[in-house]
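Below are the chains, spelled out letter by letter.
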Amino acid sequence: MKDFEMTEIKTVKVGNIEFANDRPFALLAGPCAIESRQHALEMSAALKELSEGLGIGLVYKSSFDKANRTSSTSRRGVGLVEGLDILAEVKEKTGLPIVTDVHLPDQCASVAEVADILQIPAFLCRQADLLQAAGKTGRAVNVKKGQFLAPWDMANVANNIASTGNENIMLCDRGTSFGYNTLVTDFRGLPTMARQGYPVVFDATHSVQQPGGQGTTSGGQREFAPVLARAAVSVGIAALFIETHDNPDAAISDGPNQIPLNKLPEVLSVLMELDKVAKANPVRLDMFKD
């Protein structure tokens, strides 16, 4: 594992939420894909009520297009124009910040008119034109570590975005490829990425995905998402990314790894207690050095 010096902890502010590795964790949550205007409004309202009840910062997440599909028959979402219109209404009615995926450089400017955080999918994390286009918007950028990358390689990814003058960068782990149709999480990667100072996000639901595991769709083991989330929060992170749905088995995308909405309060309550302990006793990677 590559060693490099710890840099100063950076804070990324989105609305009234501060993302930092030494702050209480915030939440990026919502259905994987936008399914309809009504569903988005219902889910965002429910999540806002939940987050306010728990006292946790929330950014609403949903994708207008799922460009990385297992099969040509997989449903992709409502598309850019309708998707942004729906997300703009969610933002207006709930007051929640928005995070959504971008896949092409020419999407970034229009998405940034609505979204507070532009998210770079894992498979696209080394696409320099996309990283720089996202950075040039001035919006916060949450970039997911490719399943094929070592955690220390994310320094180059972050530097690519920062080359635009935008350092509102968040680094997200969503598991690493491990054999066929399987991901594994190496929790050493979280403090390793944190050494760069940028807020670290852990994607608990995609980390239990089984890519292509159902032949024409991906599988998943949602029952393990809270397990991995507990481990990540205990290490110390700035934010959790959790996809949630009121009826995951009927979701158009990633249903097998989404957490049922009615289970989320119990899951988050435990995680918040663990987070308090973790932040009071931060990980020190230098404690064994002479």
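Residues numbered from 1 in each chain as written. Predicted model: local features only at pLDDT ≥ 70, side-chain atom pairs only at ≥ 80, totals over all residues. Heavy atoms only, no water.

Asks: Can you break down the overall build of the protein residue by residue, with the values?
Replies: Assigned secondary structure in the protein consists of eight helices and 15 strands. Over its C-alpha atoms the protein spans a radius of gyration of 17 Å, differing by no more than 12% from the 19 Å that the globule rule assigns to 290 residues. In terms of overall dimensions, the protein has a C-alpha envelope of 60 × 40 × 40 Å along the principal axes. The burial tally for the protein puts 53% of its 290 residues in the buried class. Look at the contacts in the protein between residues 6 or more apart in sequence, and 70% of them connect residues 24 or more apart. Of the accessible surface of the protein, which amounts to about 12,700 Å², a share of 49% is contributed by carbon and sulfur atoms. Distance between charge centroids for the protein: 2 Å, based on 28 positive and 34 negative side chains. (Helix = DSSP H or I, 4+ residues; strand = E, 2+ residues; numbered from the N terminus. Rg over C-alpha atoms; globule rule 2.2 N^0.38 Å. Buried < 20%, exposed > 50% of the residue type's maximum accessible area, 1.4 Å probe, protein only. Contact = heavy atoms within 4.5 Å. Areas by Shrake-Rupley, 256 points an atom, 1.4 Å probe, with all protein chains shown as cover. Lys, Arg positive; Asp, Glu negative; His and termini not counted. Charge placed at Lys NZ, Arg CZ, Asp CG, Glu CD.)

Asks: Pulling in residues and values, what's your account of the pairing of strand β8 (residues 169–173)?
Replies: Among the five residues of β8, five are classified as buried, and the element is accordingly described as predominantly covered. Going residue by residue along β8, you find I169, L171 and D173 tucked away on one face and M170 and C172 tucked away on the opposite face as well. Note that β8 and strand β11 (residues 200–203) share three bridges and pair parallel. Bridging across to β11, C172 finds its partner in V201. (Pairing = 2+ DSSP bridges.)

Asks: So, the pattern of salt bridges: which residues are in play, and what are the values?
Replies: Across all of its chains, the model carries 12 salt bridges by this definition. Measuring nitrogen to oxygen at the nearest pair gives 2.7 Å for the salt bridge that ties R37 to D85. Of the two residues, R37 sits in helix α1 (residues 37–54) while D85 sits in helix α2 (residues 80–94), which places them 48 residues apart along the sequence. As a salt-bridge pair, K93 and E89 come within 2.8 Å of each other at their nearest N and O atoms. In this pair, K93 and E89 are both assigned in helix α2, four residues apart and thus about one turn of the helix distant. K93 sits in the exposed class, given a relative accessible area of 57%. Connected via shared salt-bridge partners are R37, D85, E89 and K93. (Salt bridge = Lys/Arg side-chain N within 4 Å of Asp/Glu carboxyl O.)

Asks: Go over the packing of helix α4 (residues 128–136) against helix α5 (residues 154–162) with me, naming the residues and quoting the values.
Replies: Direction vectors running N to C along α4 and α5 enclose 50°, while the axes themselves pass 7 Å from each other. Relative to α5, α4 is oriented oblique. Where α4 crosses over α5, the two elements pack in a sense that is right-handed. Residue-level contacts link A128, L131, Q132 and G135 of α4 to V157, N160 and I161 of α5. A per-class count over the contact of α4 with α5 returns four nonpolar, three polar and no charged. (Axes fitted to C-alpha atoms, helices over the stretch in contact; angles between N-to-C directions. Parallel < 35°, antiparallel > 145°, perpendicular 65-115°, else oblique. Left-handed = near helix turned anticlockwise from the far one by under 90°. Nonpolar A, V, L, I, M, F, W, Y, C, P; charged D, E, K, R; others polar.)

Asks: Tell me what's going on with the nonpolar core, and back it up with residues and numbers.
Replies: Counting 65 residues, the largest nonpolar core has Y60, V143 and L240 as the members making the most contacts within it. L240 has contacts with F25, A26, L27, L28, V201, F202, A204, A229, V233 and L271, leaving out every residue within four places of it along the chain. Within the second largest apolar cluster, 15 residues are counted, among which are F19, M170, A239 and F241. (Core = buried A, V, L, I, M, F, W, Y, C linked by side-chain atoms within 4.5 Å.)

Asks: Before we move on, can you summarise the pairing of strand β4 (residues 58–61) with the specific residues and values?
Replies: Judged by which residues are buried, β4 turns out to be covered on both faces: L58 and Y60 on one side and V59 and K61 on the other are all buried. Of the strand pairs in this sheet, strand β3 (residues 26–30) and β4 are connected by three bridges, and their pairing is parallel. Along β4, the bridge assignment pairs L27 with L58. You can see the chain leave β3, run along α1 and come back into β4, and the turn it takes is right-handed. (Right-handed = clockwise from strand over helix to strand, strands pointing away.)

Asks: How would you sum up the side chain of Q119? Please name residues and give values.
Replies: On the secondary structure map, Q119 appears in strand β6 (residues 117–120). Overall, the relative accessible area of 1% leaves Q119 in the buried class. For Q119, the side chain forms a polar contact with the side chain of N142, separated by 2.9 Å. Leave out the neighbours within four places in its chain, and Q119 touches K61, V99, T100, D101, V102, N142, K144 and F241. (Polar contact = N/O pair within 3.5 Å; in protein donor to acceptor, adjacent residues only side chain to side chain.)

Asks: An account of the packing of aromatic side chains is needed here, citing residue identities and associated values.
Replies: What characterises a pair of aromatic rings is the spacing of the ring centres plus the angle enclosed by the ring planes. Following the criterion strictly, the structure yields one aromatic pair and no others. Geometrically, the ring pair formed by F187 and F202 is tilted, given 5.8 Å between the ring centres and 45° between the ring planes. Pair noted here: F187 is in the loop between β10 (183–184) and α6 (189–194) and F202 is in strand β11, with a separation of 15 residues, a long-range link. On the basis of relative accessible area, F187 is assigned to the partly exposed category, the value being 21%. Directly above the aromatic system of Y198 lies the positively charged group of K10, at a separation of 4.5 Å from the ring centroid. In this arrangement the basic side chain of K144 is found over the ring face of F241, its NZ or CZ atom lying 3.9 Å from the centre. (Phe/Tyr/Trp six-rings, centres within 6.5 Å; stacked < 30°, edge-to-face > 60°. Lys NZ or Arg CZ within 6 Å of the ring centre and 35° of its normal.)

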